[in-house]
Amino acid sequence: TEQIEEEKIKEEEEEKKEEWYEKINENQRKKIRSLIPPSLIDYIRTHKKTKIGDRYTREGTILFIDISGFTKLTENLVAEEGEQGAEKLTQIINDYFGKLIKVIHDKGGTIEKYAGDAIITTFAEKTLKKAFEQTISCGATLVKKYGTVTIAEKQLCIHTAISGGTLEYVQIGGEKKQYKQLLVGKPLWELGTAVDAANNGEVVVCASLENMLTEEQKGKKVNEKGDILLNVNNVEDVNGTVERKIDEGMIEQLLPYLEPHIQQKIKAGTSILPEMKQIAMLFVHMPFELVQQESVVNYATLFQSIQRITQQYEGGISNILADEKGVHVLVSFGYPYQFEDVHYRAIKAAIDLRDYSVAKLYIGISYGLAYCGPVGNKERQDVTTMGDKINLAARLAITGKKNAWPIVVEQKTFEEAIKDIVDYVEEEPIEVKGKSDRIPILLPTSIKKKTLNMEIKNVSTLIERDEELKLLQESTRPRWISGEAGIGKTSLILKAYAEKKILVSIDATEKAIPFSSFKHCFDLLNLDHTQLETHLKTTTLQPYRSLLNPLLNTSFDETKQSSKVNGKTMIQQLYLLIKEIFEGFIQKEEVIVFDNTQWMDKQSSKLLEKLINEPLKNTLIVISSRDTPPCESPAFDHLSLSPLTEKGLETLILSSIPEAEVMNDDFLSFFIEKSKGNPQVARELLDLLQNHNMQTFHIIKNELLFTDAFKAKAATFNPPSKRSEFLLGKLDRQKPSAKLILKLLSIFQSPSVELNDLLWFVKEVSLDHVFDEALAYLDENQLIKRDETTLSVVNSELLSILYDSLPEALKGNYHLKLATFYANNNALKCSVRHYLKVIENRIFNQTTELQDVLPSLRTYIDHCKKNRMHHEMMRTTHAAFDLMKRLNLLDDKESVRWWHETPAATLFTLYSPEFVQFIIEHYTALLELQDDKKEQFKSTWVCWFQKYAFLKIDHLPLAESLLNLSTSIDEPLYSLQAHRSMALSLYLEGKIEAINEHVDKGIAIYSKDPSTFQQSDFGNSDPGLSLLVIASRINWLFGKYPQSNIYAKDALLSNDNVDDLYSKILYYSYTCYNLVIANKFDQLSHIVENALALYAKESMKTYGNYVYEMEGYSDFIKAMNADDPTVPLKSLLENIKAFETLYSITPYILYYCYMCVRIQHLGDSIEEVDSLLMRLSELAESSDVALSAEFHRLIADLSSKMVANNPTLYSKSKHLSKIESSLFSSIEIAKHENNFSFMLRSALNLMRIWEQRNLLKDRSKTAHTVLKDVHDHILHHHLDEEISKVEDKSEVLTELDDLRAIGEYYSQVTENLDEKDHFTDDLQNQLTKLKVFFPVIYKIVLRAAEKENATVIPLAVKTGDRIPHFEVTPYGEEPIEVYDYLKRGPLVINFFRGSWCKFCTAEMCNLDKEWSSIKGLGANILSISNHESAPSNFIKKKVKMSIAYDENLEIAKKFRIIHNQVIPNPSGPRTVAYPATYVVNQEGYITKHFVDARSWLRLHPKEILKHLRELQSKKIDERKKKDSSIVF
């Protein structure tokens, strides 16, 4: 009965096929013709039917066209433009290929294959001579016309090679009736050397065809093989034609040569649209020895196994080609069908290929964005994948071959995805052609075994699942649980059946393996096979036990009964066997869970259906899947998991951030929209936000809020890619016509579309023939809703994902079509919306069409102005400006006039530095256009420029333009503001060196007539005084104390001569603020007294807060000096409260002053200090960059005082993690600002916190990184020099103390790190101390060392010399002659100065640590010093190596390495040996040496060990060579 049913189904399928072949139209025929090379059409014409391994031969020539320059172009475009760069590259390739294809076809050539950035072309005529003439004509034309072209400022060049003879085509494949044709044979193998020998713009002809060239056509021979350079100028122009006709009845034979998804699209009559997709690329290399003519069967078989495994894991074969190196197959996972686990599928496929192939393969795997779709033009194209990552996969495979690594994987994109499921070895990063950086790699070894015990990884997915949990725990019937990926099915099951479960987690890659699900089930049961066999012998099932072999990995013998079992009878017998096993071997109640049954194979599904309909005793079956169950059965109950509610999402997020108690509505709405209630997506999204490279959210008063900076980007922030991949995968399996219509709907950028508009669009892109069928399908699958006039998509997220997957050029083309359509129908808003998409995404090429867009944009701008649609107006104005810039219309006078007159221009100025830059550049032209309104125009724009100079200080190019313009605007105030803007912009860029130049120039302008600048329009302050105060502050921040003091004094003098009250107030406020931040409280009193005296005279109604500020400082000074500070502190608090708003930092500075006293006098309570620290931390996160830095400073200093005054109390703070985080931020801010003091204090406070909490040892690695970073920064910016210039050292005593403390912590954490590179870091530590504490000594020593390295060191004994004879007496040993010492093995001789030298101590200790390793290599260490006490000092430290005293430097003199110290150490001799290390072989020759006058540099012990291993290896090789020459 089963056989009859199967035959009936086959007959129906055949009938459908025949019906389709009869109905095939001309468009479909053309599409097939463009995808199939003529050589394959010829094969089918002559052979009628494909036979695997068939060889089809014909006489002809091959023209190999290699395009160089794509690697650099790829790297540049991807680096500069990201996704759009990858796509732009493909457009360039297709455009370039199009030109080449035309020449090839005109000359009678056919394109066999596109191979990345190369084309393989063949010419076949009646005679080889005729084919050769066409080939050289084609090659010559190509290099002359397109030999070198410039694209995107990069040159693309062609070089070509020609071979000929008998061309062989082999038919390979056959899995699921899918075939490929492969060009092989001698002419192809010969091409390799010829291609390599050809330079850009050259054609090289293989030596075998030399006799076909005329003498005039022959150039020079380019290699030993005799390949010849073609003289292209002496080649006759020869054209030809190629027959590309497909005969009746051939379609059925040709279609199997196309991938199934392409066949599907052709049959549906839909286009193959290009896509940009994130895919995993698997590049398989079969070495040359497999592809010789005799081995055709080998690689045909090999390819069949590649095909089978690719199909099993649902990948696609993108390309296959052969060359002289071997056969290469490119497999993609993620195209045509998207999956969430493409990384895993690619690696699983690679491991299977390695394990099951009949020969050695080398496989490279990478992951990333790739172009997926047609390459070429309508005449001849391939559907393939292209991109930078594909080139990388190919190069990884070749690297694998060189190093005998079967599988090489790019670490960056794979490690996170596979670390829990694949075992791998991590290798050193490798160099790859075309990449400037080394590529980190992994070598996968095996797939990790599944285990019975699984933990709940994410209990947050159990939120709002109490009812479902109860239902599962109480259920006694089989249960099916459904829900989308990440909804929490597995977690719910694990929680419900925590103890009694066998969890069979079904792998998506096992869909094609029969009974794979039940095999896993039995693996987890771990049955004793011997006991099982014994048990079955007692039952009637004994004859059928061999049916268990695929499930149990057993080898039971087949019987007559079992050999006859098939179809339903097999399922029945297996069911009986499983029943016997479970009921006989499993005594307690078990729950068998089949998780992810959407991936279950068909045989397992049938067996599962039987188990559900006829349940086993003591066994409950539970299954989970995404949408449909693996089998239909009324016997199980269905439980569908719905997304989380708003409340559930809020609970999930708040449970992940314990510091928050509530969340802002915007925050919650964002998660609702992006996650759609999916807990896994919400969790991943939260992780993305927390790890994002910018501050995305903060907590204020226990409430979660987005930062202002992130709010603007929140709408475009995409959910995790896994969800996108899941939804794309779902769409990839829809009917091709339905998916195409959804893609067209995505272009409308609206969830609801007018049906008439959609129908017009569908007709415009020639898809109206599939429209009705597609809509019916979408309706049936509930993907759309529609009425008589409109259509809407149920899940708008699908549209967004589909839109993102479309190439930008295609989107640009479609948006233009819709914009034009709406413009013609007077739908201005819709038209502009589509124009904006084109302009904003820079996805246009049609210059002529877009010139007509400007009037529409301008009309819409006016419309927005009238209707107060400011956001739309700004967006459209920006787009119009961008468009004119791209179309080179900005220099047009009328356009410039329009920009000044447009109602949006003034508003736009506030938002766009780029637009202001444009106005600056065209200022003169604009001025000329004003006729009689020049003065009015000038005053308007100068006013705007000044506002920009005053307000916009974070845009350095704009500041430079404003400054340049000041030369043509005779306006002192404007010039002063421009210099001020430059100073502050440079400060924000961290370019301290150039700041003071602009300050000085600004002050020079100001000094000519200060009264001119009083009471300017910008902040009521005197701009000259303001500039001096700012300059003083900036220089102080950067540790430039002398210059800071000069500006501060100038400001004070200026202040005495200025009548402007606000400028004086500003000066006093800044100065007090600086003194408090610098902890210079002793200098505060004088300033405060002067300020209060001034304020008492003046009317301070407008500036009342500043009175409270000075009174607060006054109370602080009183409290600091009082035995009982209670009264002044109370007064200080009242002054703080007098501030009506806390928008500035001033109240916090005063509160900081209050806390300084509290900590010092009343440090018995942590609560109020804790409260302030928490508030400061929140403000630091929510403020702008400059203010944030100040709050971080306060936290750093306050925590410092707490540690110093009451460390025990401080350790009780509730917010230590917050404080630590703030201190890390402080260090980063200080580094950016080059703020020496702040950086030191912050690092020191962090160390003190960890020391107080006993965490310093645990965090040694982090501490080491922080401290080393601080030291490196100090040295790099010469901050030690700045300290040495300060005349009054009392001003920098704190910094000096902090430096010493940092040095002590550095030594401490270095000792804590066992895995560290002690040697390098110990030496670096000593050098750091020398540079920081004794900068003058360091510079003197360095100068002397550099001189000696040039003159004295070259005279020393070196590598290749024989060592001089000497006798030595190691401490505690007998005297020994050095050549006797060498009889024991190679010798490492180390000259060191003495135990007084810290560098020597570090070197000796680290060298001694490697003593056992050096001894293990058969070598010895002898250390020599002329410091008499050195040997005994080190032996006391239990140093194991031999140490000798070199009296009068007799030994060092023989090595010519003695010198007098420039600045002798009081503890050591004046004349010493240079630090030196020699490795000497047993023959007495020096094989490695190191001598350097810079005493802080030494030879690393690892280098010594490496060299000794090389010596040992060389010795073994010599011995083997000697042994092999002996004849017995």
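In this text, all values refer to a predicted model and were calculated from it rather than measured experimentally. (Residues numbered from 1 in each chain as written. Predicted model: local features only at pLDDT ≥ 70, side-chain atom pairs only at ≥ 80, totals over all residues. Heavy atoms only, no water.)

Observations regarding helix 13 (residues 466-474)
Alright, step 1. Buried residues of helix 13: E468, L469 and L472, and no others. Angularly, the buried residues of helix 13 cover 100° about the axis, an arc narrow enough to put them on a single face. More than 90 degrees from the buried face of helix 13, the exposed residues found are D466, E467, K470 and E474.
Alright, step 2. Turning to helix 13, the residues buried within the fold contact strand 18 (479-482), helix 14 (489-496) and strand 22 (637-640). (Buried < 20%, exposed > 50% of the residue type's maximum accessible area, 1.4 Å probe, protein only. Helix = DSSP H or I, 4+ residues; strand = E, 2+ residues; numbered from the N terminus. Arc of directions from axis to C-beta. Contact = heavy atoms within 4.5 Å.)

Some thoughts on the packing of helix 27 (residues 755-764) against helix 30 (residues 808-824)
Alright, step 1. In contact at an axis separation of 11 Å, helix 27 and helix 30 are set at 130° when each is read in the N-to-C sense. Regarding the angle of helix 27 to helix 30, the classification is oblique. By crossing handedness, the relation of helix 27 to helix 30 is classed as right-handed. Contacts between helix 27 and helix 30 involve D757, W760, F761 and E764 on the former and, on the latter, Y814, K817, L818, F821 and Y822.
Alright, step 2. Per-class residue counts for the contact of helix 27 with helix 30 are 6 nonpolar, no polar and 3 charged. (Axes fitted to C-alpha atoms, helices over the stretch in contact; angles between N-to-C directions. Parallel < 35°, antiparallel > 145°, perpendicular 65-115°, else oblique. Left-handed = near helix turned anticlockwise from the far one by under 90°. Nonpolar A, V, L, I, M, F, W, Y, C, P; charged D, E, K, R; others polar.)

Focus on the pattern of salt bridges
Opposite charge on two side chains makes pairing possible when the charged atoms of those side chains draw close.
Alright, step 1. On inspection of all chains with the given rule, the structure shows 26 salt bridges.
Alright, step 2. Its salt-bridge partner being K107, residue D237 comes within 2.1 Å of it at the nearest N-O pair. Here the residue D237 occupies a position in the loop between strand 9 (228-230) and helix 7 (251-254), and K107 occupies one in the loop between helix 4 (70-106) and strand 2 (110-115), the gap between them amounting to 130 residues.
Alright, step 3. Overall, D237 belongs to the exposed group, its relative accessible area being 55%.
Alright, step 4. Here E1403 makes a salt bridge to R1498, at a shortest N to O gap of 2.7 Å. In this pair, E1403 is assigned in helix 61 (residues 1398-1409) and R1498 in the loop between strand 37 (1486-1491) and helix 65 (1501-1524), connecting sequence segments 95 residues apart.
Alright, step 5. Its relative accessible area of 9% is what places R1498 among the buried residues. (Salt bridge = Lys/Arg side-chain N within 4 Å of Asp/Glu carboxyl O.)

Structural notes on the packing of aromatic side chains
Alright, step 1. By the definition in use, this model includes 15 aromatic pairs.
Alright, step 2. Consider the rings of F670 and F671, whose centres lie 5.6 Å apart with planes at 85°: the pair is edge-to-face.
Alright, step 3. What makes F671 buried here is its relative accessible area of 0%.
Alright, step 4. A network of ring pairs unites the aromatic residues F748, W760, F761, Y814, F821 and Y822 as a single cluster.
Alright, step 5. Positioned over the ring face of Y1381 is R1384, at 4.6 Å from the centre of the ring. (Phe/Tyr/Trp six-rings, centres within 6.5 Å; stacked < 30°, edge-to-face > 60°. Lys NZ or Arg CZ within 6 Å of the ring centre and 35° of its normal.)

A word on helix 27
Alright, step 1. Of all the positions in helix 27, only L755, D757, L758, F761 and V762 are classed as buried. The arc enclosing the buried residues of helix 27, seen along the axis, measures out at 160°, which places them on a common side. Turned more than 90 degrees away from the buried face of helix 27, the exposed residues are N756 and K763.
Alright, step 2. Looking at the buried positions of helix 27, the neighbouring elements they touch are helix 26 (736-747), strand 26 (752-754), helix 28 (771-780), strand 28 (790-793) and helix 30.
Alright, step 3. One or two residues past the end of helix 27 sits S766, with phi positive at roughly 60°.

Structural notes on the nonpolar core
Alright, step 1. By size, the foremost hydrophobic cluster in this structure holds 93 residues, and its most contacted members are L282, V329, F333 and I365.
Alright, step 2. At 8 residues, the largest contribution of residues to this core is made by helix 10 (residues 342-356).
Alright, step 3. Discounting residues that sit within four places of it in the chain, V329 has contacts with L282, F283, V284, M286, F303, I306, I317, N319 and I320.
Alright, step 4. With 66 residues, the next largest nonpolar core counts Y1067, M1100, L1194 and L1246 among its residues. (Core = buried A, V, L, I, M, F, W, Y, C linked by side-chain atoms within 4.5 Å.)

With respect to the packing of helix 46 (residues 1084-1097) against helix 47 (residues 1104-1121)
Alright, step 1. In contact at an axis separation of 10 Å, helix 46 and helix 47 are set at 140° when each is read in the N-to-C sense. Crossing handedness for the pair helix 46 and helix 47: left-handed. Across the interface between the two elements, L1084, S1085, V1088, A1091, L1092 and Y1095 from helix 46 touch Y1106, V1107, M1110, E1111, Y1113, S1114, F1116 and I1117 from helix 47.

Concerning the confidence of the model for the chain
Alright, step 1. When pLDDT is averaged along the chain, the result is 76; 72% of the residues meet or exceed 70.
Alright, step 2. Below a pLDDT of 50 lies the segment residues 451-460, which in the model reaches 17 contacts outside its immediate sequence neighbourhood of four places, other chains included. (pLDDT = per-residue confidence, 0-100.)

What to know about the environment of Q977
Alright, step 1. Its location among the elements puts Q977 in helix 41 (residues 972-989).
Alright, step 2. When the C-alpha positions of Q977 and L963 are compared, they lie 8.8 Å apart, and in sequence the two are 14 residues distant.

Some details on the sheet that holds strand 26
Alright, step 1. Overall, antiparallel pairing links the 3 strands, which are arranged 26-28-27 in an open sheet. Because the sheet does not close on itself, it has two edges, and the strands there are strand 26 and strand 27 (784-786). Here the average twist between neighbouring strands, direction ignored, is 20°.
Alright, step 2. As defined by bridge partners, strand 26 adjoins strand 28 across 3 bridges and the pair is classed as antiparallel. Of the residues in strand 28, the one forming a bridge with E754 is T790.
Alright, step 3. Running over the sheet, helix 27 touches strand 26 and strand 28 and is turned about 75° from strand 26. (Pairing = 2+ DSSP bridges.)

Points about the side chain of T1401
Alright, step 1. Within the secondary structure, T1401 sits in helix 61.
Alright, step 2. Ignoring anything within four residues of it in the chain, the contact list for T1401 reads S1395, F1434 and K1437.

A word on the sheet that holds strand 32 (residues 1420-1425)
To summarise the sheet geometry, strands pair through backbone hydrogen bonds and adopt either a parallel or an antiparallel arrangement.
Alright, step 1. The 5 strands lie next to each other as 33-32-31-36-37, forming an open sheet whose pairing is mixed. Across the chains shown, the open sheet's two edge strands, defined by having one partner strand only, are strand 33 (1442-1445) and strand 37. Neighbour-to-neighbour, the strand axes of this sheet turn through a mean angle of 15°, independent of strand direction.
Alright, step 2. Each of strand 31 (1387-1391), strand 32, strand 33 and strand 36 (1476-1480) touches helix 61; the most contacted strand, strand 31, lies at about 165° to it.

Thoughts on the environment of K267
Alright, step 1. For K267, the location among the structural elements is in helix 8 (residues 260-268).
Alright, step 2. For K267, a relative accessible area of 35% corresponds to the partly exposed category.
Alright, step 3. Between the alpha carbons of K267 and N25 there is a distance of 10.0 Å; along the sequence they are 242 residues apart.

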